[in-house]
Amino acid sequence: MKERLQQLKEEALQQIQSSEDNKQLQDTRVYYLGKKGQITEVLKGMGKLSKEERPVIGQLANEVRDTLTEALEEKDAELEAIKINKQLREEAVDVTLPGKPAQNGGPHLLMEVIRDIEDLFISMGYQVAEGPEVETDYYNFEALNLPKGHPARDMQDSFYITEELLMRTHTSPVQARTMLAHEGRGPVKIICPGKVYRRDTDDATHSHQFTQIEGLYVDENVRMSDLKGTLNALAKHLFGEDREIRLRPSFFPFTEPSVELDISCKVCGGEGCSVCKGTGWIEILGAGLVHPNVLQKAGFDPEKYTGFAFGMGPERIAMLKYGIEDIRHFYTNDVRFLKQFHKA
Ligand code: FA5
């Protein structure tokens, strides 16, 4: 039995050493040390041994078992280390490879222009107001002195949803809504940026959906000179200190008198060129003193309160400021276009 145990030990150690994976190792363990394994088989013959031999063989069997268990553990750890090293080699990341540059997002140019104008007016004490894009005929037209059938409604071709609902054609309805909310008490000092919709045919300077920023200041003693000073500050902030402004008489049903704001042409310095169509001036917005009918409909006493209002198109302003030749660039979202204006 002694020889048999020694022989099993040698044989098992060899098999353990030559095991190539954990499965093979596990099979070896079961074959030699398992309940029905080789060592147990040998020990079954213990009954035939003499009293003196039994403990000797028992001790030897334990030694063989311990030796094999130790060898199995060592081999198991060795195989595990080989496995991990292989995996590390296979999954190694070459940190010296050049990285792929991440695409940084940024605000859309139109948003930057709108925020810049908002910031200027906030610094002059204005608050930002908003209104719905789906508007009632009443706020979009009637409250602004444009009753049904008024010919000036044709100035803004509209997308109607029902007889009484439409996509707002300008941001001016927010004027009427805000004044009503003030319940006849001034001052009201707001700007309202937002999307507007018109049935205009899309071309280089027109879009059927575009943005506007409305401005409204209603209080006691608000005069034309206040409007002029405000628009002068706006024009210089947007286009530079050296730009001149001009208020040209115009017509809007909701303002009286009405004006359009022109700025001196940057390209020719006022001499006249193709950009300003030979006039030396470029129009940037419509404005005027709030019509008494509009004040009255919104609950303000026109004997006590006066005000001015203006409405501009940020796309057109951005086009002038950055030399963009087609309004459609703002909406097609070609990143090559948008990226040119990212500051970072
Ligand atoms: C108005 O919409 C008036 N509500 C502005 C106003 C407000 C006047 C308060 C007086 C007092 P107008 O239709 O001119 O006015 O439009 C204002 C600006 O919107 C224009 O100067 C232009 O910059 C822009 N705009 C008008 N139509 C389009 C269009 N189809 N595409 C892009 N921008 C446009």
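Residues numbered from 1 in each chain as written. Predicted model: local features only at pLDDT ≥ 70, side-chain atom pairs only at ≥ 80, totals over all residues. Heavy atoms only, no water.

Quick notes on the pattern of salt bridges
Close approach of charged atoms lets side chains of opposite charge pair.
And then number 1: Using the criterion set out here, one finds 17 salt bridges in the structure.
And then number 2: One salt bridge in this structure joins K75 and E78, with 3.2 Å as the shortest N-O distance. One end of the pair, K75, and the other, E78, are both in helix α4 (residues 53-90), 3 residues apart, so they sit about a helical turn from each other.
And then number 3: Judged by relative accessible area, K75 falls into the buried class, the value being 5%.
And then number 4: With its nearest N and O atoms 3.9 Å apart, the salt bridge here joins K304 to E220. On the criterion of sequence distance, the pair formed by K304 in the loop between α9 (292-297) and β9 (306-312) and E220 in the loop between β5 (209-219) and α8 (224-239) is long-range, its members being 84 residues apart.
And then number 5: K304 gets classed as partly exposed once you look at its relative accessible area, which sits at 45%.
And then number 6: Among the ionic contacts, a cluster of salt bridges with common partners joins D137, E142, K148, R153 and E164. (Salt bridge = Lys/Arg side-chain N within 4 Å of Asp/Glu carboxyl O. Helix = DSSP H or I, 4+ residues; strand = E, 2+ residues; numbered from the N terminus. Buried < 20%, exposed > 50% of the residue type's maximum accessible area, 1.4 Å probe, protein only.)

A closer look at the domain arrangement of the chain
And then number 1: Splitting the chain by domain gives domain 1 (2-88) and domain 2 (109-341).
And then number 2: Its C-alpha centre places domain 1 at a distance of 92 Å from the equivalent point of domain 2. (Domains from an automatic or database assignment.)

Focus: the sheet that holds strand β8 (residues 281-290)
And then number 1: Taken together, the 7 strands give an open sheet; going across it, the order is β1-β4-β5-β9-β8-β7-β6, and neighbouring strands pair in mixed fashion. The open sheet has two edge strands, β1 (127-128) and β6 (245-252), and neither has a second partner.
And then number 2: Where strand β4 (residues 188-197) lies against β5, 10 bridges are found, and the strand directions are antiparallel. For G194, the partnering residue across the bridge sits in β5 and is Q212. (Pairing = 2+ DSSP bridges.)

Thoughts on the environment of A61
And then number 1: Relative to the helices and strands, A61 resides in helix α4.
And then number 2: When the C-alpha positions of A61 and F210 are compared, they lie 92 Å apart, and in sequence the two are 149 residues distant.
And then number 3: A61 has contacts with L5 and L43, leaving out every residue within four places of it along the chain. (Contact = heavy atoms within 4.5 Å.)

Digging into the site of the ligand
And then number 1: Residues in contact with the ligand amount to 25 residues; listed here are only the nearest, H170, S172, R198, D200 and S207.
And then number 2: In this structure, D200 approaches the ligand through a side-chain N or O atom, which is 2.7 Å from a nitrogen atom.
And then number 3: Contacts to the ligand include S207, whose backbone N or O atom sits 3.0 Å from a nitrogen atom.
And then number 4: Isolated, the ligand exposes 670 Å² of accessible area, and the fraction of that covered by the protein chains is 93%. (Near = heavy atom within 4 Å. Polar contact = N/O pair within 3.5 Å; in protein donor to acceptor, adjacent residues only side chain to side chain. Areas by Shrake-Rupley, 256 points an atom, 1.4 Å probe, with all protein chains shown as cover.)

Regarding the layout of surface pockets
And then number 1: Looking at the second largest pocket, its volume works out to about 270 Å³.
And then number 2: Lining the second largest pocket are 15 residues, and of these M111, I114, G194, K195 and T211 lie nearest its centre.
And then number 3: Where the lining of the second largest pocket is concerned, the elements lending two or more residues are α5 (109-123), β4 and β5.
And then number 4: Examining the composition of the lining of the second largest pocket, we find that 4 residues originate from one element, α5, more than from any other.
And then number 5: In terms of residue class, the lining of the second largest pocket is made up of 5 nonpolar, 5 polar and 5 charged. (1 Å grid on protein atoms, 1.4 Å probe; cavity = no way out; pocket = protein on both sides within 12 Å on 5 of 7 lines; lining within 4 Å. Points joined across faces, edges and corners; volume = space filled by probe spheres on them. Nonpolar A, V, L, I, M, F, W, Y, C, P; charged D, E, K, R; others polar.)

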